[in-house]
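# Descriptive structure summary
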Amino acid sequence: MTVEQLSQADADYVSQLEGARDRYATRAAERARNLRVLDRSGILYADAPERVNKRLARLGADWAMATAIEQTPAAATTGSSLDLDPDTVGSDVLGLERLMGRNDLIGVGFLETGFLAARSVGRVTVRGVAGIHHGTGFLVSPSLLMTNNHVLRTADEAGHGVVELNFQAGLDGQMLIPVVFELEPETFFVTDRALDFSIVAVAQTSQDGRPLSPFGRLPLKEAEGKVILGEIVNIIQHPNGEPKQLALRENKVVDLLEKFVHYETDTAPGSSGSPVFNDQWEVVALHHAGVPRTDENGKPLALDGSLWHPGMGEHRLAWKANEGVRISRVLGALRQFPLTGAAAALREELFAAGAALHPVEVSPPPSSGANHVGPQSLVPGGATQQAAPTAAVRWTVPLNISVTLDPATFQAQALAQAQPTAETPTEAPASLPTAALPTPAVFGVGHIDGQSPAENDLAAALVNLAAARARPYYDTDADRIARASYYADIRSDSPAGLRHALTELLESTHKHRPAYKPIRLLYPWVDLHPDEQLRSIYSGKDFTPEELIQADAAVEAARIGRWQEFLLHESAPGPEALEAEFESLEAALPFNCEHVVPQSWFAKKEPMRGDLHHLFACESACNSFRGNIPYFDFMDSEEVVRHACGRREPLKFEPSAGKGAVARATLYFLLRYPGFIGDEARELQRERLDILLSWHAAQAVSEYERHRNAAIAEMQGNRNPLIDHPEWAGEIDFAGAWP
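Residues numbered from 1 in each chain as written. Predicted model: local features only at pLDDT ≥ 70, side-chain atom pairs only at ≥ 80, totals over all residues. Heavy atoms only, no water.

### A few points about the overall build of the chain
Condition: Numbering of helices and strands starts at the N terminus; helices are DSSP runs of H or I of at least 4 residues and strands are runs of E of at least 2. Relative accessible area decides the class of each residue, using a 1.4 Å probe on protein chains only: under 20% of the type maximum gives buried, over 50% gives exposed, and in between gives partly exposed. Each accessible area is a Shrake-Rupley estimate made with a 1.4 Å probe; only the visible protein chains count as cover when residues are assessed.
Broken down by element type, the chain carries 20 helices and 22 strands. Counting over 739 residues, the chain shows a buried share of 55%. Total accessible area computed for the chain in this model is approximately 30,400 Å², and 54% of it derives from carbon and sulfur atoms.

Structural data, given as C-alpha cells:
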C-alpha cells in the first residue's frame with residue numbers, strides 16, 4: 001500500500017508490520033526445524049501427516065504414487081521422472097512430481113488458468129480527506145471483493161473507494177483502459193482487524209456501464225490441505241499501486257501458524273490485499289504484511305539501509321519474509337459475523353461459490369475491443385485468433401450434483417444384501433461383482449460437478465500399477481538394513497516390557513496414515529505377489545491387479561450414484577438416516593478388500609480402517625462369507641458350513657488359506673491398537689490367542705509378506721514386528737493387549 005499523505009492508515013499498516021515481525025521472531029526455532037526437514041527428507045515429511053494426506057488428496061495423488069516417485073533415482077528430466085507410457089501421465093502425476101521437486105516443468109494449463117485468475121484481481125484506490133492510498137483486492141463471489149482491513153478499515157472509507165480491473169499492460173505492452181467499479185459498503189461490509197481482512201460489495205456495473213460478471217471470481221475453500229510446508233506459492237498483485245504484476249513461483253512456504261502462513265523469497269515481496277495461490281491457482285492466503293528487516297532497535301529498514309517510514313511505500317521496505325492470513329481462518333471468522341437479510345444472503349453466495357471444484361470461476365475475455373487481453377494464436381496473414389475458451393461461466397449452489405442414470409449400472413442392486421453378522425451368517429455368492437457391475441466404459445452415475453471420482457481413482461490406480469511394475473519386487477539387502485535400523489532401540493527384559501516398547505514404536509513411527517482406499521494403495525503394489533498377481537487371502541484364488549482395480553472402481557461409481565439418488569429423493573435426511581444409508585451402501589456394494597480385524601470392532605475409525613498392515617485383497621464373496629466373525633480352528637470332523645473361502649459357525653471362522661499372514665496381521669493390530677479387540681463377546685477373545693500363535697508358527701513368513709511389510713513401511717512409516725522377527729511371538733505378552 002502506498003501512502004501519499006500520512007494518515008491513520010499508516011499507523012494501522014505499521015501495526016500489522018510489527019505483528020508480523022513479532023510472530024516471525026517467535027517462530028525461529030520451528031522455522032529452522034522445518035527447513036532442516038525439508039532439506040534432509042523432502043516436502044512430504046516437514047508438515048503434519050494429516051495435512052500432507054489432505055494435500056495429496058487434493059492433488060488427486062496418494063502415498064503409493066508418492067512412494068513410487070521417491071524410489072525413482074533423482075535425475076535431470078524434461079518430463080515425468082517415472083518410466084510410464086506418456087499417455088498415462090496426467091495432472092496428478094505431474095502435480096505431485098512438481099510438489100516433490102522432481103520436475104520443474106509446468107503444464108501450459110498453469111499459465112492459462114493463471115491468466116483467468118488474474119482477471120479477478122484489481123487495484124483498490126481510496127480517496128479521502130487524509131489523501132489517497134492503494135492496495136490490491138480480488139473478487140470472491142459474483143458481488144463481493146476481499147482485501148486487507150488496513151486497506152479498507154471502515155465502511156466510510158470503503159465508500160470512497162473503487163476497484164480498477166484490467167489495470168495492466170496488454171499483449172502489445174501498452175496500458176489498457178481500466179474498468180472502474182465503485183464499492184458499495186452499504187450493501188455489504190465486513191472487516192476484522194485481527195485477521196486483517198475486509199470484504200465489501202462491488203457495483204454490478206462499472207462507471208462506464210460495463211458488467212462486473214465477466215471478471216469472474218476466485219472461489220474460497222474452507223477445506224485444509226491447499227498448501228503444505230515447502231510448497232511454492234504465487235501472488236498476483238498491484239505493488240505500490242502499480243499495474244498488475246505476478247510473483248510467479250518465487251515464494252516458498254516456511255511456516256504454518258494457526259492463523260497465518262509465512263513464505264520467503266529473495267526477489268518478490270507481496271502487496272497488501274493480494275491473493276496468494278498454490279500451483280493449482282487455489283487461493284491459500286490473503287497477503288497482508290511483510291516481515292521487515294530491522295535495525296538494532298527493531299525499526300524497519302528501507303532498501304538503502306535507512307530507516308523506513310510509511311511515506312516511502314511498502315515497495316521500499318527491506319523484506320526478509322512475507323506473511324499471509326490463512327484463507328480457511330478468514331472464512332471461519334466470516335461465518336461468525338451476525339448478518340441478516342440481504343447481507344446474510346451475500347455471505348452464503350460467497351460460500352456457495354467456494355463449493356465449486358474449479359479454482360477459477362470466470363468467463364474468457366471478449367475477443368475484440370480496446371480492453372482485450374488474453375492468450376491468442378497467430379494465423380496466416382498477420383491476423384490473430386482468440387484461443388479456445390479455457391473456462392466457462394458456472395452457476396454454483398451449495399449442493400451441486402449432476403446425475404446421469406444408466407440402467408446397466410443398477411444391475412449391481414441384484415447383489416444388494418446385508419453383510420452377514422456373526423449371529424446370522426448367510427451364504428455369499430461365489431464370484432466377484434465385476435460381471436454384474438458396470439465396466440469403467442459405462443460409468444453413468446457417480447459424476448459430481450462433472451467429474452467421476454471412480455474414474456479418477458481408476459486412472460490413478462493404473463498409473464500406480466505401471467510404476468510398481470517398473471520397480472524391483474523386493475530388495476532383500478535394503479530391507480535388512482531398514483529392519484535393523486527400525487528396531488535398533490528396542491530393549492526389554494520382560495514380555496510386558498517388550499509389548500509396551502513395540503506398541504510405542506509402532507505408534508510413533510506411524511507417520512502417515514492414509515485413508516481407506518484399496519484401489520489405489522493395496523492392489524497396485526502392496527498386496528502383489530512375486531508373480532505380479534493378487535491372491536485372495538482366504539480362498540487363494542488368483543486375480544490380476546486390473547481385475548480388482550476395475551471391480552472396485554465400478555463399486556465406487558455405483559455407491560456414489562445410489563448415494564446421489566438417495567439425496568435427491570430424501571428431502572432433509574437427518575444424521576441417523578445418512579449414517580444408515582451409508583452403512584447399507586457399504587454392505588450391499590463391498591470392495592474386494594478384507595480387514596482381518598473387522599471394521600465393526602473399531603467402529604470404522606481411522607487410522608485403523610486404512611492401516612495397510614491388516615488389509616488384504618479378498619473377493620467380496622469371501623469378505624461377506626466371513627463377515628465380522630472371529631477366527632477359529634475347527635476339528636476336521638466337525639460339521640460346519642463350508643465354502644471355498646473357509647468354514648464357519650456362529651462366532652467361528654476358519655479361512656481356507658492365508659492363516660499365517662492373517663495371524664501376523666492380527667497380532668500386529670493387537671500391538672498397534674491395544675484394547676480395541678475383545679471388548680465385546682462377538683470379537684476375538686483372549687482365549688483364542690493360541691490359535692493365532694499356532695497359525696503363525698505353522699506358516700513361515702514368505703517373500704510376499706516381506707514385500708508387503710517393506711512397501712507399507714515406505715507408505716506409513718511403521719512395520720509389522722511379527723514379519724521382521726517371527727521369534728518374538730513367544731516373547732511378547734500379547735494377552736496384555738486385550739481390555
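### Focus on the state of the cysteines
By definition, a disulfide is the covalent link that joins the sulfur atoms of two cysteine residues. Formally: Criterion for a disulfide: a pair of cysteine sulfur atoms within 2.5 Å.
By the definition in use, this model includes one disulfide. Covalent S-S linkage joins Cys622 and Cys645, the inter-sulfur distance amounting to 1.7 Å. Between Cys622 and Cys645 the disulfide shows an S-S torsion of about -80°. By sign, it is left-handed. Highlighted residues: Cys622 in helix α16 (residues 620-626) and Cys645 in the loop between β20 (641-643) and β21 (646-649), separated in sequence by 23 residues. Taking relative accessible area as the criterion, Cys645 reaches 1% and is therefore assigned buried.

### Describing the pattern of salt bridges
Here is the rule: Every case where a carboxyl oxygen of Asp or Glu lies within 4 Å of a side-chain nitrogen of Lys or Arg is listed as a salt bridge.
This structure, assessed with the given rule, holds 39 salt bridges. The salt bridge involving Asp733 is made with Arg499; its shortest N-O contact spans 3.5 Å. With Asp733 in the segment after α20 (721-724) and Arg499 in helix α12 (residues 495-508), this residue pair connects regions lying 234 residues apart in the sequence. According to the relative accessible area criterion, Asp733 is partly exposed, its value standing at 25%. Judged by its relative accessible area of 9%, Arg499 falls in the buried class. With a closest N to O distance of 2.9 Å, Asp531 and Arg535 form a salt bridge.

### What to know about the packing of aromatic side chains
Keep this limit in mind: Classification of ring pairs rests on two measures: the distance between centres of Phe, Tyr or Trp rings, Trp counted by its six-membered ring, which must be within 6.5 Å, and the angle between planes, read as stacked under 30 degrees, edge-to-face over 60 and tilted in between.
This structure, assessed with the given rule, holds 18 aromatic pairs. Ring geometry for Trp563 versus Phe582: centroids 6.1 Å apart, planes at 90°, classification edge-to-face. Of this pair, Trp563 sits in helix α14 (residues 545-569) while Phe582 is found in helix α15 (residues 575-588), placing the two residues 19 residues apart along the sequence. Using a relative accessible area of 24% as the deciding quantity, one classes Trp563 as partly exposed. Judged by relative accessible area, Phe582 falls into the partly exposed class, the value being 41%. Aromatic pair Tyr631 and Phe653: ring centres 6.3 Å apart, planes at 35°, arrangement tilted. Remark: Phe653 occurs in strand β22 (residues 652-655) and Tyr631 occurs in the loop between α16 and β20; sequence separation between them is 22 residues.

### Quick look at the pairing of strand β7 (residues 197-201)
Note the following rule: We treat two strands as partners when DSSP finds at least two bridges between them.
The buried fraction of β7 amounts to five of the five residues, a majority that puts the element mostly inside the structure. Side chains of β7 alternate between two faces, with Phe197, Ile199 and Ala201 and Ser198 and Val200 buried alike. Remark: four residues form the turn of the hairpin made by strand β6 (residues 189-192) and β7, two consecutive strands paired antiparallel; Asp196 in that turn has positive phi of roughly 55°.

### Here we look at empty space enclosed by the protein
As a reminder of what qualifies: As defined here, a cavity is a set of points on a 1 Å grid over the protein atoms alone where a 1.4 Å probe fits but cannot get out. A pocket is an open set with protein on both sides within 12 Å along at least five of seven lines, and residues line them when an atom is within 4 Å of a point. Grid points are joined across faces, edges and corners, and a volume is the space filled by probe spheres set on the points. When residues are grouped by polarity, Ala, Val, Leu, Ile, Met, Phe, Trp, Tyr, Cys and Pro land in nonpolar, Asp, Glu, Lys and Arg in charged, and all others, Gly among them, in polar.
Across all of its chains, the model carries three cavities of 30 Å³ or more by this definition. If you trace the largest cavity, you find it lined by Arg51, Glu224, Gly225, Lys226, Val227, Leu256, Val261, Val284, Arg326, Ile327 and Ser328. Each residue belonging to the lining of the largest cavity can be placed in one class, and the counts come to five nonpolar, two polar and four charged. A volume near 70 Å³ is recorded for the second largest cavity. Lining the second largest cavity, in full, are His613, Phe616, Ala661, Arg664, Ala665, Glu705, Arg708, Asn709, Ile712, Asn720 and Ile723. When contributions to the lining of the second largest cavity are tallied by element, the ones reaching two or more residues are α17 (659-672) and α19 (703-716).

### Here we look at the sheet that holds β7
Operational definition: In this analysis an axis means a line fitted to C-alpha atoms, helices contributing only their contacting stretch, and an angle means the value between N-to-C directions, from 0 to 180 degrees.
A sheet is described by the order of its strands in space; here seven strands give the open sequence β5-β4-β1-β2-β3-β7-β6, paired in antiparallel fashion. The sheet terminates laterally at β5 (179-182) and β6, the two strands that pair on one side only. Direction aside, neighbouring strands of the sheet carry axes that sit 30° apart on average. In terms of strand pairing, strand β4 (residues 161-165) meets β5 through four bridges, oriented antiparallel. Residue pairing for β5: Val163 is matched across the bridge by Phe181.

### Some points on helix α8 (residues 327-335)
What counts here: When checking whether two residues touch, look at their non-hydrogen atoms; a contact exists if any pair is within 4.5 Å.
α8 sits mainly inside the fold: seven of its nine residues count as buried. Listing the buried residues of α8 in full gives Ile327, Ser328, Arg329, Val330, Leu331, Ala333 and Leu334. On the buried face of α8, the contacting elements are β3 (144-147), β6, β7, β12 (283-292), β13 (319-326) and α9 (341-354).

### With respect to the packing of helix α13 (residues 518-526) against α14
Let me state the cut-off plainly: Roughly parallel means an angle under 35 degrees; roughly antiparallel, over 145; roughly perpendicular, 65 to 115; everything else is oblique.
Remark: α13 packs on α14, axes separated minimally by 9 Å, with the N-to-C direction vectors making an angle of 170°. The angle between the axes of α13 and α14 places the two elements in the roughly antiparallel class. Residues Pro518, Ile519, Tyr523 and Pro524 of α13 touch α14, and the partners they reach there are Pro545, Leu548, Ile549, Asp552 and Ala553. Its residues assigned to classes, the contact of α13 with α14 comprises eight nonpolar, no polar and one charged.

### Overview of the confidence of the model for the chain
Should the pLDDT be low somewhere, the predicted coordinates at that spot are not to be read in detail. Defined as follows: The predictor attaches a confidence to each residue, and that confidence, scored 0 to 100, is pLDDT.
When pLDDT is averaged along the chain, the result is 83, and 82% of the positions lie at 70 or above. Here residues 1-6 is modelled with pLDDT under 50, and outside its nearest four sequence neighbours on either side it reaches 26 contacts, counting other chains as well.

### A short note on unusual backbone geometry
A cis amide bond links Glu606 to the next residue, Pro607, at an omega of 5°. Structurally, the position occupied by Pro607 is in the loop between β18 (593-595) and β19 (615-617). Although it is not a glycine, Glu532 adopts a positive phi angle of roughly 65°. Along the chain, the position of Glu532 falls in the loop between α13 and β16 (534-535). The backbone of Lys604 shows a phi angle near 60°, a positive value even though the residue is not glycine. For Lys604, the location among the structural elements is in the loop between β18 and β19. Taking the relative accessible area as the measure of exposure, Lys604 reaches 25% and is therefore partly exposed.

### Brief notes about helix α2 (residues 28-40)
Note that an α-helix has 3.6 residues per turn; residues three or four places apart therefore point the same way. As a reminder, the rule being used: Residue count minus one, scaled by 1.5 Å, sets the expected span of a helix. Arc, as used here, means the arc of the directions from the helix axis to the C-beta atoms.
Between its terminal C-alpha atoms α2 stretches 18 Å, which fits the 18 Å expected from 13 residues at 1.5 Å a residue. Along α2, the residues classified as buried are Arg31, Asn34, Val37 and Leu38. Axial view of α2: buried residues confined to an arc of 125°, hence all on one face. Among the exposed residues of α2, those pointing more than 90 degrees away from its buried face are Ala29, Asp39 and Arg40. Positioned one or two residues after α2, Gly42 has a phi angle of 105°, which is positive.

### Thoughts on the sheet that holds β13
An order of β8-β9-β10-β13-β12-β11 is seen for the six strands of this closed barrel, with the pairing classed as antiparallel. Each neighbouring strand pair of the sheet contributes to a mean axis angle of 45°, computed without reference to strand direction. Pairing geometry for strand β8 (residues 232-237) and strand β11 (residues 275-277), over two bridges, is antiparallel. By the bridge assignment for β11, Ile235 is matched with Val276. Sheet strands touched by helix α6 (residues 108-118): β8, β9 (245-256) and β11. Its angle to β8, the strand with the most contacts, is close to 40°. Relative to the sheet, α8 contacts β12 and β13, its axis offset from that of β13 by approximately 40°.

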